[in-house]
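Chain and residue survey
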Amino acid sequence: MVKLVAERIPDSAKQTPLLVVGVFENEVEEVMNQLGDANANLVEIVGRVLKDKEHTGAFGTICIVHSPTGPMHRIMLLGLGEKKSLDNDKVRVLAGKAALKATEINISEYSIKPFTQLTKDLTEAICEGTCLSLYKFDKYQTQKIGEKSHGPSSLKVSLLVDGNEKDWQRVLDTTKIITDAVNFGRDLANLPPNECSPEYLARIALDLSSKHHRISTRVIERYEMESLGLNGIVAVGMGSNKPPKLVIIEYKGNEGSSTTVPYLFVGKAVTFDTGGISIKPSDRMEEMKFDKSGGCDVLAIMSGLANLEVKTNVIGIVPCVENMPSSSSYRPGDIVRMYNGKTVEIINTDAEGRLILADSIAYGVEKYNPNSIIDLATLTGACIVALGSNIAGTLSNSPELIDRLRQIGEKTNEKFWELPLYPDFNEQIKSKFADIKNIGGRAGGTITAAIFLSNFVNETPWIHLDIAGTAWTQDGTWDKSYNPKGATGFGIRSLIRLVLDELD
Ligand code: BES
Ligand code: ZN
Ligand code: ZN
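A brief look at the structure comes next.

Reading the values: rules and limits
Residues numbered from 1 in each chain as written. Chains lettered and ligands numbered in written order. Predicted model: local features only at pLDDT ≥ 70, side-chain atom pairs only at ≥ 80, totals over all residues. Heavy atoms only, no water. 1 Å grid on protein atoms, 1.4 Å probe; cavity = no way out; pocket = protein on both sides within 12 Å on 5 of 7 lines; lining within 4 Å. Points joined across faces, edges and corners; volume = space filled by probe spheres on them. Helix = DSSP H or I, 4+ residues; strand = E, 2+ residues; numbered from the N terminus. Buried < 20%, exposed > 50% of the residue type's maximum accessible area, 1.4 Å probe, protein only. Pairing = 2+ DSSP bridges. Axes fitted to C-alpha atoms, helices over the stretch in contact; angles between N-to-C directions. Parallel < 35°, antiparallel > 145°, perpendicular 65-115°, else oblique. Left-handed = near helix turned anticlockwise from the far one by under 90°. Contact = heavy atoms within 4.5 Å.

Now for the layout of surface pockets. Any empty space left between the atoms is revealed when a probe the size of a water molecule rolls over them. The volume enclosed by the largest pocket comes to roughly 1,500 Å³. If you trace the largest pocket, you find 44 residues lining it, with Leu-134, Tyr-135, Lys-136, Phe-137 and Asp-138 closest to the centre. Those elements that place two or more of their residues in the lining of the largest pocket are α3 (88-104), α4 (120-133) and α5 (165-190). Top contributing element to the lining of the largest pocket by residue count: α5, with 5 residues. The space that makes up the second largest pocket amounts to roughly 980 Å³. Along its surface, the second largest pocket is lined by 35 residues, and Lys-280, Asp-350, Thr-380, Gly-381 and Ala-382 are the ones closest to its centre. Mapped onto the lining of the second largest pocket, the elements with two or more residues apiece are α10 (353-368), α11 (381-387) and α13 (445-454). Looking at the lining of the second largest pocket, the element that brings in the most residues is α11, giving 4 residues.

Written as structure tokens, this is what we have:
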């Protein structure tokens, strides 16, 4: 439990167990001015540490100085690196490093003295870095209990402000709800596939509706999917004895207009992707538990929006399936009639994500006529080849929507890089026996997957986010304190802020 409060800069009588103070490289004397209200002893000790170059302000380095006489018991000197290269994402990383260090030494309360005039973006970055870096997924690690300190069970972080604490508190509160949503999404995506089945995710979605009166959740069962013609989802789910579930979450925040739907979010939730009959190699197959990340993101986004009580309507659709090989699996060669009537020849059962997304998108468009659609999916290994592990492949039919998302991404530091959606790529998914086929060959694998989806979207502005590289930390991921191992919750911050941004 982390609590963030905005507090006026305390007078010298104020006690804090730990004060975090930023130190720029080569500008260490600035710190002395910042320590105006600390006691003389402490100022002198800090002065000596800096003069002796025990702390140089190098980026991310930390030096803790004790004060035997108070009122602050300790000061954490936090290296900010060079002044000219500090940006908000570095602040996010630094806030994370400070939080991790403080909890490592069992501090349950500390204060942060901002190194400069606060802005909204800076405050958000400090809050995000703090709350996202403290995330741990250790519920299955029984042997660690009692062995080693897990840090304090609750933590209070005070951000020292010059005035207007109420305004800053509002920024902190909003950001805290967003980071809670990210950590909720991470918790779901990190679950092992034996625990997290399609039914489990459906239950989580139903829980959301019992917690929030503005959310209603509907779970479409397999037999109903069959009669509705959602055959793409049914086909992928056939090989597993855990039946597929199609989760529909409606959030109604706009009391004036209950039928307009500004956003439809769709997330791929393959609770485990073996590849099916086109089975994957066993090396690192365990990572395919993260193939549900897009769907978990959507559940988290809906939860976050409801907790923020945003005044708009948003629909979330999460097709949940397990892709398994068995005697009842769908096969290469099968031809599936999709929800919108198009027929798809299955060439490779490992290209399952596009089938469940296509039906979900077509269903969402028909039922809700949204103003915009954004889907998130760990869709193609090709996306990792093209863009690496920190950039989401972004494909869209709407330059305006993509521009808005990119601007948000610059603030959140979630990276969205556009790949082209030229209709020519439709050539690659032409089938000899059906309207289209489910793979388009090695060339441009991320694009042909998106082109496949485009066959199920009408003119509605739409963005497809391929989060195969970004959904969990992989080898070669840039080290960020706020992205711990495992699921990252990539996309949740940006998409919640995209909805909020329009309402500001
Ligand atoms: N879930 C995978 C994509 C994936 C692979 C995500 C590795 C993250 C890491 C997806 O269902 C898949 O298997 N895609 C195939 C498509 C191919 C058969 C056209 C792929 O990328 O190999
Ligand atoms: Zn697959
Ligand atoms: Zn998959």
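Let us now look at the pairing of strand β5 (residues 109-113). For β5, the tally of buried residues reaches 4 of 5 residues, placing the bulk of the element in the interior. In terms of strand pairing, strand β2 (residues 19-24) meets β5 through 3 bridges, oriented parallel. Residue pairing in the sheet places Leu-19 in a bridge with Ser-111 of β5.

As a packed pair, α5 and helix α14 (residues 492-503) sit with axes 9 Å apart at the nearest point and diverge in direction by 140 degrees. Considering their axes alone, α5 and α14 lie oblique with respect to each other. By crossing handedness, the relation of α5 to α14 is classed as right-handed. On α14, the residues that touch Thr-174, Thr-175, Ile-178, Ala-181, Val-182 and Gly-185 of α5 are Ile-492, Arg-493, Ile-496, Arg-497 and Leu-500.

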